[in-house]
Amino acid sequence: MNPTADSLRATFGDAIGRAAPARDGTTVVVVAAARLAEIMRWLKDTPGQRYDYLVDVTAVEYRDKERPLEVVYQLRALERRDNLRVKVELDPQGELAVDSVTSLWAGADWLEREVFDMFGVVFAGHPDLRRILMWETYAEGYPLRKDFPLRGRFSRAEQVRQALNLNPEANYSMEELSIAESFDELPADLRERLRRGERSKIPGSE
Amino acid sequence: MKHVIDTKEISGSPNFQLTRFQKLVDWAVNQSRANSLWPMPFGTACCAIEFMATAASRFDLARFGMERQAFSPRQADVLICAGRLPFKLAPVIRRIYDQMPQPKWVISMGACASTGGIFDNYAMVQGIDTIVPVDVYVPGCPPRPEGLLYGILLLHKKIKGESLFDAVKRRDEQPLDERGLRLPPAEIDEISEPFGNSVHQFRSS
């Protein structure tokens, strides 16, 4: 059992739920959703903990309706070579919202977008929370939820129609383009459009 | 044979001369087209690995006039869809098909491209024939290179049966209708029907 679990309980008290090693030996700690951001910051910044690498963010929904939906954070302390798995439990029938950890680990950006895309978990404070695997106008819901039918909600003809009417280029956001270091070298009109937050349109594609 | 005997009797007529000329033109055009197909590989999955093997030296696509892989649709004759096609790629393959100049053909390589294969789920196109017209379906998961070569030879045979002067045999452009579909919705639903074990699943709406 990872000693971090006891330190967490000593520091945060009631905010820490059950803690036990999983079958692979990694310690799993369930924490309160309301204090997730605070706990994660403590795990990352406290000397002696220093979980500086966010391996993965994902979510699990179980078949039993009573079990909560879990958002899973897999952490690693690179220097100490130690792993920790932090879970947040959410009510699948209620509002699925949890704080974003992108301010701590920038790599959480796309991982949280994927969880949002597949499960509909809203990460408060995420800079650009959009669908990442399915297209942005996808209207059938969240595919990995247990109430989602395997073949989707629409008929195949409707799915084909919606897919064929997509404009593939329109789904790149200007925010993504602006990540490039070369922002200052872009043409003036493109920079202006980026500042306005406009979605990209290939000239003449309309 | 009766047809041939009949035409022999009127071998002096202008219609006979015209038909002979048309056949000669068709023969020359079809031989040229069939024996210099330039493939546009649209490889999305493991079928693309078999396609690479087919193009490499042991199986050697170049023997059939496919020396040049056209990675630009503007310089391609035959679109080879090798692998599964998610809905997100549907507008992409349709645009690639639209960009190819006539005459053009499509080979659907493998179970996933032809029917959706084992991926009977929310994300996957159930057969690329709901998106683009397909000439040859190559079965297999993935097909062996011999299978793909056989499909290409079948396509050669098909091309050699085409005629510039026969509207039925000539392949015309097939644009999308006003709904943005290639086929009527009922037909797409029918093509996409589940098969095998997957019929036990249900749709919620």
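S.K.: I keep staring at the overall build of chain B and nothing clicks. Help me out?
M.R.: When helices and strands are counted, chain B shows 7 helices and 4 strands. Going from N to C terminus, chain B has its helices and strands arranged as α-α-β-α-β-α-β-α-β-α-α. The buried share of chain B, reckoned over its 205 residues, is 32%.

S.K.: Explain the interface of chain A and chain B to me, please; I cannot follow it from the model alone.
M.R.: Residue-level contacts link 19 residues of chain A with 26 residues of chain B. Split into classes, the residues belonging to the side of chain A that touches chain B amount to 10 nonpolar, 4 polar and 5 charged.

S.K.: So what exactly am I meant to see when it comes to the packing of helix H4 (residues 156–164) of chain A against helix H4 (residues 90–99) of chain B here?
M.R.: For any two helices packed against each other, the geometry is given by the interaxial angle and the distance between the axes. Relative to each other, H4(A) and H4(B) sit at 65°, their axes nearing to 8 Å. Where H4(A) crosses over H4(B), the handedness of that crossing is right-handed. Counted together, A:Val160, A:Ala163 and A:Leu164 of H4(A) and B:Ala90, B:Pro91 and B:Arg94 of H4(B) form the full contact between these two elements.

S.K.: How do you make sense of the sheet that holds strand S3 (residues 105–109) of chain B when you look at a structure like this?
M.R.: Adjacent strands of a sheet form backbone hydrogen bonds with each other and so pair up, either parallel or antiparallel. Residue and element names in this part refer to chain B. Spatially, S1-S2-S3-S4 is the arrangement adopted by the 4 strands of the open sheet, whose pairing is parallel. Either end of the sheet is taken by a strand with one partner, and the two such strands are strand S1 (39–43) and strand S4 (136–138). For this sheet the average axis-to-axis angle between neighbouring strands, irrespective of direction, equals 15°. Strands in contact with helix H3 (residues 47–55) are S1, strand S2 (78–82) and S3; relative to S1, the strand with the most contacts, it is inclined by about 145°. Helix-sheet contacts for helix H6 (residues 145–160) involve S2, S3 and S4, and the interaxial angle to S4 is about 170°.

S.K.: It is not clear to me how the packing of helix H2 (residues 14–34) of chain B against H6(B) should be interpreted in this structure. Could you clarify?
M.R.: Residues and elements named next belong to chain B. Put simply, H2 and H6 touch, their axes get as near as 9 Å, and they point 160° apart. Considering their axes alone, H2 and H6 lie roughly antiparallel with respect to each other. Crossing handedness for the pair H2 and H6: right-handed. Contacts from Asn30, Arg33 and Ala34 in H2 reach His156, Ile159 and Lys160 in H6.

S.K.: Explanation requested: the pairing of S3(B) in the structure shown.
M.R.: All names here are of chain B. Along S3, 5 of the 5 residues are buried, which leaves the element largely enclosed by surrounding structure. Across the two faces of S3 the burial is the same, with Trp105, Ile107 and Met109 and Val106 and Ser108 all buried. Here 5 bridges tie S2 to S3, and the two strands are oriented parallel to one another. The residue of S3 that forms the bridge with isoleucine 80 is isoleucine 107. In this fold, S2 hands off to H4, which returns the chain to S3; that crossover is right-handed. Across 3 bridges, the pairing between S3 and S4 is parallel. Along S4, the bridge assignment pairs methionine 109 with valine 138. In the classification by handedness, the crossover that spans S3, the intervening helix H5 (residues 110–115) and the parallel S4 is right-handed.

What counts, and where the lines are drawn
- Residues numbered from 1 in each chain as written.
- Chains lettered and ligands numbered in written order.
- Predicted model: local features only at pLDDT ≥ 70, side-chain atom pairs only at ≥ 80, totals over all residues.
- Helix = DSSP H or I, 4+ residues; strand = E, 2+ residues; numbered from the N terminus.
- Buried ≥ 20, exposed ≤ 12 C-beta atoms within 10 Å, placed from the backbone.
- Contact = placed C-beta atoms within 7 Å.
- Nonpolar A, V, L, I, M, F, W, Y, C, P; charged D, E, K, R; others polar.
- Axes fitted to C-alpha atoms, helices over the stretch in contact; angles between N-to-C directions.
- Left-handed = near helix turned anticlockwise from the far one by under 90°.
- Pairing = 2+ DSSP bridges.
- Parallel < 35°, antiparallel > 145°, perpendicular 65-115°, else oblique.
- Right-handed = clockwise from strand over helix to strand, strands pointing away.

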